[in-house]
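Structure assessment
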Amino acid sequence: MSVVHLTNIEQLMEQVVAYQPDADTSLIRRAYEYSVKAHEGQVRQTGEPYVQHPLAVAGILTFLKLDAPAIAAGLLHDTLEDTVATQKELEQEFGPDVARLVNGVTKIGQIPFQSYEEKQAENFRKMVLSMADDIRVVFIKLADRLHNIQTLEALSDERRKKIAQETMEIYAPLANRLGMSWIKQELEDLCFHYLQPEACALLKLRLAKKDEEREAYIQSLIQIAEKALAEAGLVGQIDGRPKHLFSIYQKMERRSVSFDEIYDLTAIRVVTDSKMNCYAILGLIHSIWPPVPGRVKDYIATPRSNLYQSLHTTVVGPQGEYVEFQIRTAEMHRINEYGVAAHWLYKEPRKSKDSNEEVFSWLRQFVEWHKDLSDNRQFMDSVKLDLFHDVVFVFTPKGEVREVPVGSTSVDLAYSIHTEIGDRCVGAKINSKLVPLRYQLHSGDMVEILTSPTQVPHRGWLKFVRTSKAKTKIKHWFKVEEQKRALELGRRLLEQEFQRQQLSGELSLQSKRFVSLAKMKGCETVDELIRMVGFGRLAPDQIVEHVKQGSEVEPFVATSELSVSHLKSTGPFKKSGSVKFGGTNDVLMQLSKCCKPVPGEPIRGYITRGRGLTIHAVDCPNLQSLEWEHSRLVNVEWDAEEVQGPHSVDVSVLTLDRPGMLAKVSSGISQCKANITKAEISTTEDQKAVLDFVIEVKNTAHLELILQEIQRVDGIVSAKRVREWF
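Before going into details, it helps to say that this report is about the structure given with it. (Residues numbered from 1 in each chain as written. Predicted model: local features only at pLDDT ≥ 70, side-chain atom pairs only at ≥ 80, totals over all residues. Heavy atoms only, no water.)

1. Here we look at the side chain of serine 452
- Inspection of the secondary structure puts serine 452 in the loop between strand S10 (447-451) and helix H20 (468-500).
- Engagement of the side chain of serine 452 in a polar contact is seen with the side chain of threonine 454, the distance being 3.0 Å. (Helix = DSSP H or I, 4+ residues; strand = E, 2+ residues; numbered from the N terminus. Polar contact = N/O pair within 3.5 Å; in protein donor to acceptor, adjacent residues only side chain to side chain.)

Dropping the structure here:
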């Protein structure tokens, strides 16, 4: 499908009236005149008057057969961002419906962002949340992006590539998820042209050479199929549709084959009058040409999540060439081209609301899962994971079809059904056989989720679950549990402090002074203040002391600016005197056993429950898995003056299996004035030896010196520091 760009308002209104005779054309004309005035004097990079862009966007929207308010919003979509117009003014001129749509697609320009990527993430977030309330928002945004991509030539090469990459990663998959295949294909082909111009040009050239020959071949197949349908008394309109450039390129890359090895460059589409005839025609096609095993797909019985329905089959045609047939009804074809735009609530008001609500339930559910993600980058990662995915279809024991992303596990499926089922999941039966929870589901699997009332989520699940809903719910469960434990620990610590200071009952946790102090510290409840003690953000002795005196308490740990000014170590556990937080040293500190940080390397602290502060190396995977608990992660640094050795590190040395290698390596380590506390030797099948040491070092510079000295020994293959990530 190709969009004819409109050049004036009269053409636009003719298009609208053609599919909606009773449309409010006066609203569209007023919006156009307002846009012309608002953008007066503005010129696009192409040199044309700026108003040509909103006119083109509105023209694309007419291909989706949207109503007059949506067309008007398309004409006005840049006024809030690029002119002096205000939302209140738009609401007065065109009503709240149009003003809301324009605001939904308007970029966020008033908030300072650290990077272009963060700003774009927030813009996309705003659009996603807006389109949950009104799907027309995303139609306008896609039309806007399509016309921008069509007119990229005037921009610099760097900007072209940046916009094309963003479009390929976000907007083309979004169009696909909404079932708007023609927009998706055009976006991909245009982006392909800018991102990989040489590959695109070469593919176009090769296709052009095959066009004439290919067209004759396809027409011969269509004639055979039409004759067979007529003889069988089946209704069907048949045409050939060339596959778009990027899909051919993707297939070449995915299969690692050359262009000459791609045979199904054209799909033959058959549009019939009923679902029953779709299957009848499928059988007829197979009676003429043999089907390729494993290439028959029934998207009628199990539609794709973007509403797509069709029968697909690849057959071996004349001369042994593969040909794909797509068989569908006229209604399916309409939905396949326009996606949710063929079903949207405003377009068919006479249909029951419930049936239309079902069409968009996935979108509202998606927004519900993601609305609590405050970090823009996390939001974008989650969107890319959940909204733009390949899917598999599995069955429940009751025969219901469930759709999950490729790579999903039974835990993902359990959470997609209900949060409680996910929390209580202990295992799964796939096709009547018990499988591990990390087993990845495949299309056609019959999945039975096994639950137990005593089961609770495990942190280990976060390492293999695929969907953001599962990840979010698991993290939420642990967050709630930690809140409970912090409350319990904080209450116990405070009660112990009350007892230690032999205070009377009037200064209990429910005393008026305690309530007053909680409000003074910005806590809505006393429990919130107690949790801060449990999390290690407030010291119990200071709390009790200030409650006793009736004065304000100073936090011994700043929530977001926690820093370690002194960090010296003679062993894994440190008492309070070696670490300072906000003027007090009444805390415990421990170096993480998983990464064993050494002075000189970047570190970060994690506030544990009741065990003080754990120090990790910044590249520790265990620390990175805790990034979502950002309120408990704190900046720390080594104190060069205070830090003394030794610090234990694990070093693995791979050597040729020769006599005396252990002695030579040990001697090299001793020359660097380092102590070996443990040594193990093992041999490999390829005549090599592995020497594993635990060495005490002062800092990273000392460790680097030791590794260099080891590598000077003749026969050494490699020497490196190793860590036991767990």
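2. A short note on the sheet that holds strand S18 (residues 688-697)
- Ordered in space as S17-S18-S16-S19, the four strands form an open sheet in which the pairing is antiparallel. The two strands at the open ends of the sheet, each matched to only one other strand, are strand S17 (675-683) and strand S19 (716-722). Within this sheet the neighbouring strands show an average axis-to-axis angle of 20 degrees, counted without direction.
- Inspection of the sheet shows strand S16 (residues 647-656) paired to S19 by six bridges, in the antiparallel sense. Counterpart to valine 651 in the pairing with S19 is arginine 721.
- The sheet contacts of helix H25 (residues 661-671) involve S16, S17, S18 and S19, and relative to S18 the element is tilted by about 25 degrees. (Pairing = 2+ DSSP bridges. Axes fitted to C-alpha atoms, helices over the stretch in contact; angles between N-to-C directions. Contact = heavy atoms within 4.5 Å.)

3. Considering the pattern of salt bridges
- A full pass over the atoms with the stated rule returns 19 salt bridges.
- Across the pair aspartate 97 and arginine 100 runs a salt bridge, and its minimum N-O distance is 2.9 Å. Of this pair, aspartate 97 and arginine 100 are both found in helix H7 (residues 96-105), three residues apart, which corresponds to roughly one turn of the helix.
- Here arginine 100 falls in the partly exposed class, since its relative accessible area comes to 40%.
- Of the charged contacts, one joins arginine 658 and aspartate 714 as a salt bridge, the two residues approaching to 3.3 Å between their closest N and O atoms. Residue arginine 658 is found in the loop between S16 and H25, and its partner aspartate 714 is found in the loop between helix H26 (700-711) and S19; the two are separated by 56 residues along the sequence.
- With a relative accessible area of 38%, arginine 658 lands in the partly exposed category. (Salt bridge = Lys/Arg side-chain N within 4 Å of Asp/Glu carboxyl O. Buried < 20%, exposed > 50% of the residue type's maximum accessible area, 1.4 Å probe, protein only.)

4. A closer look at H20
- Compared with an ideal rise of 1.5 Å per residue, which puts 33 residues at 48 Å, H20 spans 47 Å between its outermost C-alpha atoms and is within 8% of the ideal.
- Of the residues trailing H20, glutamine 502 is marked for its positive phi of about 50 degrees. (Expected span 1.5 Å × (residues − 1).)

5. A closer look at the side chain of threonine 313
- Its place among the elements puts threonine 313 in strand S4 (residues 311-316).
- Reaching out from threonine 313, the side chain makes a polar contact with the side chain of histidine 286 at a distance of 2.7 Å.

6. Quick look at the sheet that holds strand S9 (residues 433-435)
- On the basis of which strands lie adjacent, the open sheet formed by three strands has the order S9-S8-S10 and antiparallel pairing. Looking along the sheet, the strands with just one partner apiece sit at the ends: S9 and S10. Between one strand axis and the next, the sheet turns by 35 degrees as a mean value, whatever way the strands run.
- Pairing of strand S8 (residues 425-430) with S10 involves five bridges; the strand directions are antiparallel. Residue pairing for S10: lysine 429 is matched across the bridge by glutamate 448.

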